[in-house]
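Letter by letter, the chains look like this.
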Amino acid sequence: MSNDTATAEAAGPAEAAPPVAEPIPHGLGVSLPPADARAKTEGTFPYAADLWAEGLLWAAVLRSPHPHARIVSIDTTHAREMPGVRAVVTHEDVPGTVLHGRGRADRPVFASEVVRHHGEPLAAVAADHPDTARMAAAAVIVEYEVLDPVTDPEQAFEAEPLHPDGNLIRHIPLHHGDPDAAGEIVVEGLYRIGRQDPAPIGAEAGLAVPRPDGGVELYLASTDPHGDRDAAAECYGLTPEQVKIVVTGVPGATADREDQGFQLPLGLLALKTGCPVKLTATREESFLGHAHRHPTLLRYRHHADAEGRVVKVEAQILLDAGAYADTSSDALAAAVAFACGPYVVPNAFIEGWAVRTNNPPSGHVRGEGAMQVCAAYEAQMDKIAKKLGLDPAEVRLRNVLATGDVLPTGQTVTCPAPVAELLQAVRDFPLPALPKDTPEDEWLLPGGPEGAGEPGAVRRGVGYGIGMVHMLGAEGADEVSTATVKVQDGVATVLCAAVETGQGFTTLARQIVQDTLGVDEVQVAPVDTDQPPAGAGCRGRHTWVSGGAVERAAKMVRTQLLQPLAHQFGMSTELLQIADGKITSYDGVLSTTVAEALHGKELWATAQCRPHPTEPLDETGQGDAFVGMSFCAIRAVVDVDIEIGSVRVVELAVAQDVGRVLNPAQLTARIEAGVTQGVGIALTENLRTPRGLIRHPDLTGYALPTALDTPDIRIVKLVEERDVVAPFGAKAVSAVPVVASPAAVASAVRAATGRPVNRLPIRPQAAVVTAN
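The structure contained in this document is the topic of the report that follows. The structure displayed is predicted, hence computed values, not measured ones.

## A few points about empty space enclosed by the protein
- Inspection of every chain in the model, using the stated rule, returns seven cavities of 30 Å³ or more.
- For the largest cavity, the calculated volume is near 250 Å³.
- Looking at the largest cavity, it is lined by 20 residues, and the ones nearest its centre are Gln 503, Thr 543, Gln 666, Lys 731 and Val 733.
- Within the residue set of the lining of the largest cavity, elements represented by two or more residues are helix H12 (505-517) and helix H15 (664-683).
- When grouped by side-chain class, the residues that make up the lining of the largest cavity number nine nonpolar, eight polar and three charged.

Structure, rendered in structure tokens:
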């Protein structure tokens, strides 16, 4: 080998052209990964339970073991005298307002005269060790006069008042059309929906730190920081400016994540001791403390003509609110308004009630109100099909709602409502193959290997569920959100008090700014109450209002960026565009990079987004009460062992109107998560409360669906018909699959067994077919 050759070979790799780095996709419409994905994967993401402060004390809360009792006396002497105990607080130590509540302030911080539900707080302790705090809480002596609990919501109408405000929280009578209208056939049903728990992966936790000015800072996994701050300030007798809430990492939220019954005692203890105080709830305390889904009793009567078209719907809906009002008024409004489902119903007469009982409090859980009625009206559609000998999907297609139709509330559906298209998509999707009758496929049978009866006892069923939810503006609620976008040194920062609960808002905010300004690096600032309010993180509302606020602020910054260039070249900013990090004019005269245009500049803007106003339902249930609606159709395929009643969900085919896909991977994950949650509601999740006592308040007694319970989820169609009044035209996607999937599973079990299946979750005995 010559020296020249050796030199050439040695130099070869060094002289090779370096690989060109692929640009990282960004902006709307791409699957931008979450910024916190790595930290969560590696276990370094800061949750509230991980927080620490110098001089930390630990808190524990004493809760009632009775669902209903009169408090004769509370003796804290023994608890206060225990070594290591720094403070004990009861109702006597609340310096401000003693009542709180999300929907209505009717719940005491600490019970003082009467205990109204199992787990109600009576006292809280701060000590130098968590075990000491728990022992001290147990040492508080409470003398009770135990009372008979009212646990049947039907009995609440006649029972003695459980609360100074009475037992009836709200009554909505909806009257629409001709009360004398009648159909050629009539089907009736009585349906019961059980109590589901949000069951967050991480139980409630928080840290309270006193401030030198006499105020307090609360570090919480709050989904509504400004609402929680205002409630805390009233309780502590402070101004809102003296209370600051800093939002820590939220370990998932399918409801109001942080119950105020945890955080209010925490701040009281910090103010009383002058030390930081931390509370980390046990799983049992989590089940006892936070709100659950409303158990519901529904009576339905449908009138239809000989073609299966619905003529009239009559219904009675009774929501068990538990001991306190919370958000029961909102849940009842949704239940009554959507009681007929996404179907054209010319005549509807619905009576809805929400009542107090001595059961655990109910509140906001994803799809509240709409999920319960969906299970009932879809069962009614199955009954119409069976009575007329028609295909269940065909009966639904003859009745589905479309844009321009009128709801029973009198509100016209102005948003895209492609319900027929969604239903046709899932109906026409190929059915899954039947499992083979071979030993190696036994795991495919209901119950798994050795868990099912004979394969010959397995029946396959196909059923449908169509759900609808509202997104914003329930009965005049002000859904405003505020955001600020700053750009400095080529880096954009978003400040918005919209809490990232797992719905992907922080990722969406980054994509909006990237798309609008052409800036690659976008940071989203941590959330605290020093920022303007953005509202609660529920119903996917942050996609609309907070995303809209970020977009408006980014567009204002865009105008600031482009105005000097437009002025220099004698044109308007509308003639300039930003794409791929470059600014160009319509005629090609101007071409520069965003980085060059931003050099040395600091730009910022603040904007608000507020959807058009709505109105409360009137005395007959009429009114334009909602902004934006979302629809979903699901076809469920199940295998049922009709001898033992076990059910395996084989496949769920999903079609949903999403307005516009902003992040494909994120959207798919949200739909799949919602469908999986619906499977749990349909088959396993039931928080049992015999005589008002929560039974087995842990994750062994409360059966959540696992990966092994999750069926094949096929997203067969996403309809991108943009809602013109929504920012980006997008719709929230998480709640409506939760609404539709339990109804679809129940429909499929009915098809497999011929049984009525009128209760959720479905009990094994409801799926057993006895021989004649």
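## Concerning the side chain of Asp 228
- Considering the arrangement of structural elements, one finds Asp 228 in helix H5 (residues 225-236).
- Not counting residues within four places of it along the chain, the set of residues in contact with Asp 228 comprises Arg 102, Ser 222, Ile 245, Gln 260 and Gln 263.

## Quick word on the packing of aromatic side chains
- For the coordinates displayed, the defined rule picks out six aromatic pairs.
- The interplanar angle of 70° and the centroid separation of 5.0 Å between the aromatic rings of Phe 45 and Tyr 47 together place this pair among those described as edge-to-face.
- Where Phe 338 meets Phe 626, the ring centres are 5.2 Å apart and the plane angle is 35°; that geometry is what we call tilted. In this pair, Phe 338 is assigned in the loop between helix H8 (328-337) and strand S17 (347-356) and Phe 626 in the loop between strand S25 (602-609) and strand S26 (627-641), connecting sequence segments 288 residues apart.
- Classification of Phe 338 as buried rests on a relative accessible area of 2%.
- By relative accessible area, which is 3% here, Phe 626 ends up buried.
- We note Lys 40 situated over the ring of Phe 45; from NZ or CZ to the ring centre the distance is 4.9 Å.
- In this structure, Arg 63 packs its charged tip against the face of Phe 262, placed 5.0 Å from the ring centre.

## Thoughts on the pattern of salt bridges
- Applying the stated criterion to the full structure yields 33 salt bridges.
- Glu 188 is the salt-bridge partner of Arg 301, the closest N and O atoms lying 2.7 Å from each other. With Arg 301 in strand S15 (residues 296-304) and Glu 188 in strand S10 (residues 185-193), the pair connects residues that are 113 residues apart, well separated along the chain.
- A salt bridge links Glu 378 to Arg 396; the nearest nitrogen and oxygen atoms lie 3.1 Å apart. Note that Glu 378 is positioned in helix H9 (residues 370-388) and Arg 396 in helix H10 (residues 392-397), a separation of 18 residues in sequence.

## Digging into unusual backbone geometry
- With an omega of -5°, the peptide bond between Leu 760 and Pro 761 qualifies as cis.
- Note on placement: Pro 761 falls in the segment after strand S29 (759-760).
- With phi around 55°, Asp 489 is a residue other than glycine that occupies positive phi space.
- Relative to the elements of secondary structure, Asp 489 occurs in the loop between strand S19 (481-488) and strand S20 (491-496).

## Digging into the sheet that holds strand S22 (residues 576-579)
- One open sheet accounts for three strands, arranged S22-S23-S24; its pairing is antiparallel. Across the chains shown, the open sheet's two edge strands, defined by having one partner strand only, are S22 and strand S24 (591-593). On average, adjacent strands in this sheet sit at an angle of 20° to one another, irrespective of strand direction.
- Its contacts with the sheet put helix H13 (residues 541-568) on S22, strand S23 (582-585) and S24, and the angle it makes with S22 is roughly 125°.

## Regarding H9
- Spanning 19 residues, H9 covers 27 Å between terminal C-alpha atoms, matching the ideal 27 Å at 1.5 Å per step.
- With 15 of its 19 residues buried, H9 lies for the most part within the structure.
- Backbone geometry just downstream of H9 places Gly 389 in the positive-phi region, at approximately 70°.

## Quick notes on the environment of Gly 252
- Counting through the fold element by element, Gly 252 comes out in the loop between strand S13 (243-247) and helix H6 (260-273).
- Taking the C-alpha atoms as reference points, Gly 252 and Glu 241, 11 residues apart in sequence, are found 28 Å from one another.

## Some thoughts on a negative patch on the surface
- A cluster of acidic residues, Glu 615, Asp 618, Glu 619 and Asp 624, forms a negative patch at the surface.
- Of note, Glu 615 is situated in the loop between S25 and S26.
- Judged by its relative accessible area of 39%, Glu 615 is partly exposed.

## A look at the nonpolar core
- The biggest cluster of nonpolar side chains holds 106 residues, and the ones touching the most others in it are Tyr 300, Ile 317, Ile 350, Phe 631 and Val 745.
- No other element matches helix H16 (residues 735-753), which puts 12 residues into this core.
- Contact partners of Ile 317, with chain neighbours within four places excluded, come to Thr 296, Leu 297, Leu 298, Tyr 300, Ala 335, Val 336, Ala 339, Ile 350, Glu 351, Gly 352, Trp 353 and Val 373.
- The next biggest cluster of nonpolar side chains, apart from the first, holds 55 residues, and it includes Val 487, Ala 509, Val 522 and Ala 607.

## Notes on the environment of Thr 676
- Inspection of the secondary structure puts Thr 676 in helix H15.
- Spatially, the C-alpha atoms of Thr 676 and Asp 709 are 8.5 Å apart, while their sequence positions differ by 33 residues.
- A polar side-chain atom of Thr 676 sits 2.8 Å from the main-chain carbonyl oxygen of Glu 672.

## Quick notes on the side chain of Asn 358
- Following the sequence through the fold, Asn 358 ends up in the loop between S17 and H9.
- For Asn 358, a relative accessible area of 0% puts it in the buried group.
- Looking at Asn 358, its side chain comes within polar contact range of the side chain of His 68, at 3.4 Å.
- At 3.0 Å, the side chain of Asn 358 and the backbone oxygen of Arg 116 are in polar contact.
- If sequence neighbours within four positions are ignored, Asn 358 has contacts with Pro 67, His 68, Arg 116, His 117, Asp 148, Pro 149, Val 150, Leu 162 and Gly 692.

## What about the environment of Leu 683?
- As for its placement among the helices and strands, Leu 683 is situated in helix H15.
- Each C-alpha atom of the pair Leu 683 and Arg 283 lies 22 Å from the other, and the pair is 400 residues apart in sequence.
- Residue contacts for Leu 683: discarding those within four places in its chain leaves Val 647, Val 649, Val 745, Pro 761 and Ile 762.

## Description of the sheet that holds S29
- The mixed open sheet is built from six strands, whose spatial order is S9-S17-S16-S15-S10-S29. Two strands bound the open sheet, and with one partner strand each, they are strand S9 (168-176) and S29.
- As paired strands, strand S16 (residues 310-322) and S17 are joined by 10 bridges and run parallel to one another. Within the sheet, the bridge partner assigned to Gly 322 lies in S17 and is Arg 356.
- Against the sheet, H9 contacts S10, S15, S16 and S29, and its axis sits at roughly 145° relative to S10.

## A look at the packing of H12 against H13
- Running from N to C, H12 and H13 cross one another at 30°; their axes reach a closest spacing of 9 Å. The angle between the axes of H12 and H13 places the two elements in the roughly parallel class. Considering the relative orientation of H12 and H13, their crossing is right-handed. Here H12 contributes Phe 505, Leu 508, Ala 509, Ile 512, Val 513, Thr 516 and Leu 517 to the contact with H13, which in turn contributes His 542, Thr 543, Ser 546, Gly 547, Val 550, Glu 551, Ala 554, Lys 555, Val 557 and Arg 558.

Cut-offs used in this document
Residues numbered from 1 in each chain as written. Predicted model: local features only at pLDDT ≥ 70, side-chain atom pairs only at ≥ 80, totals over all residues. Heavy atoms only, no water. 1 Å grid on protein atoms, 1.4 Å probe; cavity = no way out; pocket = protein on both sides within 12 Å on 5 of 7 lines; lining within 4 Å. Points joined across faces, edges and corners; volume = space filled by probe spheres on them. Helix = DSSP H or I, 4+ residues; strand = E, 2+ residues; numbered from the N terminus. Nonpolar A, V, L, I, M, F, W, Y, C, P; charged D, E, K, R; others polar. Contact = heavy atoms within 4.5 Å. Phe/Tyr/Trp six-rings, centres within 6.5 Å; stacked < 30°, edge-to-face > 60°. Buried < 20%, exposed > 50% of the residue type's maximum accessible area, 1.4 Å probe, protein only. Lys NZ or Arg CZ within 6 Å of the ring centre and 35° of its normal. Salt bridge = Lys/Arg side-chain N within 4 Å of Asp/Glu carboxyl O. Pairing = 2+ DSSP bridges. Axes fitted to C-alpha atoms, helices over the stretch in contact; angles between N-to-C directions. Expected span 1.5 Å × (residues − 1). Patch = residues over 30% accessible without salt bridge, like charges linked within 9 Å, V, L, I, M, F, W, Y side chains within 5 Å. Areas by Shrake-Rupley, 256 points an atom, 1.4 Å probe, with all protein chains shown as cover. Lys, Arg positive; Asp, Glu negative; His and termini not counted. Charge placed at Lys NZ, Arg CZ, Asp CG, Glu CD. Core = buried A, V, L, I, M, F, W, Y, C linked by side-chain atoms within 4.5 Å. Polar contact = N/O pair within 3.5 Å; in protein donor to acceptor, adjacent residues only side chain to side chain. Parallel < 35°, antiparallel > 145°, perpendicular 65-115°, else oblique. Left-handed = near helix turned anticlockwise from the far one by under 90°.

Fair warning: the whole summary comes from geometry, so function is off the table for now.
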